[in-house]
Amino acid sequence: MKKNTKRFPDNFFWGGAVAANQLEGAYLEGNKGWSVADINRFRDDIDIKKKSNKEITTEDITFALNDTEGRYPKRTGIDFYHTFREDLALLAETGMNSFRTSISWARIFPKGDEEEPNEEGLRFYDELIDCIIENGMEPLITLSHYEMPLHLTTEYNGWSNRKLIDFFVRFARVVFERYQGKVTYWILVNQMNLITHESFNHLGIPADRVENLKQAKYQGVHNELVACARAIKEGKAINPAFQIGMMSYYGNVYPATCHPLDVLSALKMNQMEYFYSDVLVRGVYPKYAYRFFEENEIDIQFGATDEADFSHTVDFVSFSYYYTRVIHHEHTDQEEPATPNPYLEANDWGWAIDPIGLRIALNEYYDRYQLPLMITENGMGFYETLNEDNTINDTYRIEFLRKHIEQMKEAIYDGVELIGYYPWGPIDLISCSSSEMSKRYGFIYVDLDDWGNGTGQRYKKASFDWYKRVTTSNGELLE
């Protein structure tokens, strides 16, 4: 009888994950257009733990485009656009053999609806991808990671408009053709199921431009799923060896108690977390979704070929994993029904630390799909300052990652086919949700604060050498 082991496969991807909008900067250089990320303002007068997920309106967009005093950190990032060669060489010292980043849609099509791409943007990614490979790392490229051209929101109301299907497929085709000999692994859309926390960043729908925002969001998701399926068809025609995957945010919840109504509430919420991957893996709409849409008075408009398009499915499933929550059946009618788990400790942003939840997630995804899995984001933000000798002894980060990697081993022993692990933000970058620089994830400290002050110098943290031991031992040395 064949036996499972706790050993990582020999060809395992030990990587690190970033996004163009959170570190590149140079927001209008190289003929890049405005993106949805460029209007995200840093606010130091908001309690991040209590911050509500504000929907963006046309007024908000206009204000951001004309604001000369506010701080918009993603416009400058950590200047990776100019420093990527040095940064990638430094990251390669950790022993990473893969690197995940995104191609900014607004660098390739500045407005999003042009017929021809921006050659200067393509040349930048020529150099970036070449540099990733030269440093011994396999590129894992995300096509859409909160970098939609802003013009597509102001002119077309984002993904609620079916015209974006063709715009996205054109973008995907250009990128697939350009990098077909350099990139094998692709992720279509980052965290597709995040339509609450990152609603505007993801779907680009101004709240005041649609009659029913919830209806518009789910129609937008449908349109995006169709675009992904068509992009898969295009990609496989260009290079059949492409490995094209989808990505979810692991937002599954535990039932608050063993009360059957709590268990049922968790089941129903988790089903809609799987909705996106169910379509892109199985190629059809799941039947539970029809009841959800009917009960929520949502009428999804299908195009003539949409159902046939869904036959083009993904090769692997990836997901981000940060924290878990619980749900009580009496809270299901709230905008945010999930609540913190009282059995778990949390970081300064209220994110629960739950390594065992990662093992659960891996088993759930693999049981459901029987496809190779990648953890394409995992980490925990911490406030950090340099010591006098320019070091940071981040034992808390080492402990966090060590416990999660231990649970990955347990999942492999369970029989899960896990092929890659990408800690989020291996170099400090701008927070997605709060636009803070001070919410740090990296093995490398970047000397910049929330207001852009600092030298920009890079310094290795203690976790840098620890991750090198992990990668070079293929996950055997975790202490």
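Before reading on, note that the structure itself is shown above.
Position numbers for residues start from 1 in each chain and track the written sequence from start to end. Since the coordinates come from a predicted model, pLDDT governs what is reported: local features require at least 70, and pairs of side-chain atoms require 80 or more to be given and counted, while whole-chain, interface and lining totals use all residues. The side-chain numbers reported here are obtained from all heavy atoms of the structure, hydrogens and water having been left aside.

Trainee: I tried to follow the overall build of the protein on my own but got confused; where do I start?
Mentor: By definition, any uninterrupted DSSP run of H or I lasting at least four residues is a helix, any uninterrupted run of E lasting at least two residues is a strand, and each is numbered from the N terminus. Along its length, the protein carries 15 helices and 13 strands. For the C-alpha atoms alone, the extent of the protein along its principal axes is close to 60 × 55 × 50 Å. Split into buried and exposed, the 479 residues of the protein put 60% on the buried side. Put simply, of all contacts in the protein between residues at least 6 apart along the chain, 78% involve residues at least 24 apart. Residue exposure ignores everything except the shown protein chains as possible cover, and the areas themselves are Shrake-Rupley values with a 1.4 Å probe. With the model as given, the accessible surface of the protein reaches about 19500 Å², and the carbon-plus-sulfur share is 47%. In summary, the charge assignment counts Lys and Arg as positive and Asp and Glu as negative, without counting His or the chain termini. By convention, the charge on Lys lies at NZ, on Arg at CZ, on Asp at CG and on Glu at CD. Counting 49 positive and 74 negative side-chain charges, the protein places the averaged centre of each group 3 Å from the other. The classification of residues rests on relative accessible area computed with a 1.4 Å probe and restricted to protein chains. Under 20% of the type maximum is buried, over 50% is exposed, and intermediate values are partly exposed. We call two residues contacting when some pair of their heavy atoms lies within 4.5 Å.

Trainee: Could you clarify how one ought to interpret the sheet that holds strand E1 (residues 13–14) in this entry?
Mentor: Think of a sheet as strands paired side by side through backbone hydrogen bonds, with each pair either parallel or antiparallel. With respect to topology, 8 strands assemble into an open sheet ordered E1-E11-E10-E7-E5-E4-E3-E2, the strand pairing being parallel. Only two strands of the sheet have a single neighbouring strand rather than two, namely E1 and strand E2 (98–102). Here, axes are lines fitted to C-alpha atoms. For helices the fit covers the stretch in contact, and angles between N-to-C directions go from 0 to 180 degrees. In the packing of helix H10 (residues 260–282) onto the sheet, contacts are made with strand E5 (243–249) and strand E7 (316–321), and the angle to E5 comes to roughly 165°. Pairing between strands is defined by DSSP: at least two bridges between them are needed.

Trainee: What's the story with the nonpolar core in this structure? I'm lost.
Mentor: The tendency in soluble globular proteins is for nonpolar side chains to be buried side by side. Put simply, a nonpolar core is a bunch of buried Ala, Val, Leu, Ile, Met, Phe, Trp, Tyr and Cys residues held in one set by side-chain atoms that sit within 4.5 Å of each other. Counting 151 residues, the largest nonpolar core has Leu-88, Trp-186, Phe-275, Leu-362, Met-408 and Leu-418 as the members making the most contacts within it. Per element, the largest residue contribution to this core is 11 residues, and it comes from helix H9 (residues 213–238). Residues within four places of Leu-88 in sequence aside, it is in contact with Phe-80, Phe-99, Leu-128, Cys-131, Ile-132, Asn-135 and Met-137. In this structure, Val-253, Met-269, Ile-327 and Ala-338 belong to the second largest nonpolar core, which totals 5 residues.

Trainee: What am I meant to see in the pattern of salt bridges here?
Mentor: Pairing between side chains becomes possible if they bear opposite charge and their charged atoms approach one another. Salt bridge, as used here, is a side-chain nitrogen of Lys or Arg placed within 4 Å of a carboxyl oxygen of Asp or Glu. Per the stated rule, a full pass over the model turns up 33 salt bridges. With a shortest N-O distance of 2.8 Å, Lys-182 and Asp-130 are connected by a salt bridge. Pair noted here: Lys-182 is in the loop between helix H7 (163–178) and strand E4 (185–189) and Asp-130 is in helix H5 (residues 119–134), with a separation of 52 residues, a long-range link. The exposure class assigned to Lys-182 is partly exposed, which follows from its relative accessible area of 29%. A residue is classified by how much of its surface remains accessible, and Asp-130, at 28% relative accessible area, is partly exposed. A salt bridge links Arg-402 to Glu-399, with the nearest nitrogen and oxygen atoms 2.8 Å apart. Taken together, the positions of Arg-402 and Glu-399, both in helix H14 (residues 395–414) and 3 residues apart, correspond to about one turn of that helix. Residue classification places Glu-399 among the partly exposed positions, given a relative accessible area of 30%. Three or more residues joined by partner-sharing salt bridges are found here, namely Glu-384, Asp-394, Arg-397, Asp-428, Arg-440 and Lys-461.

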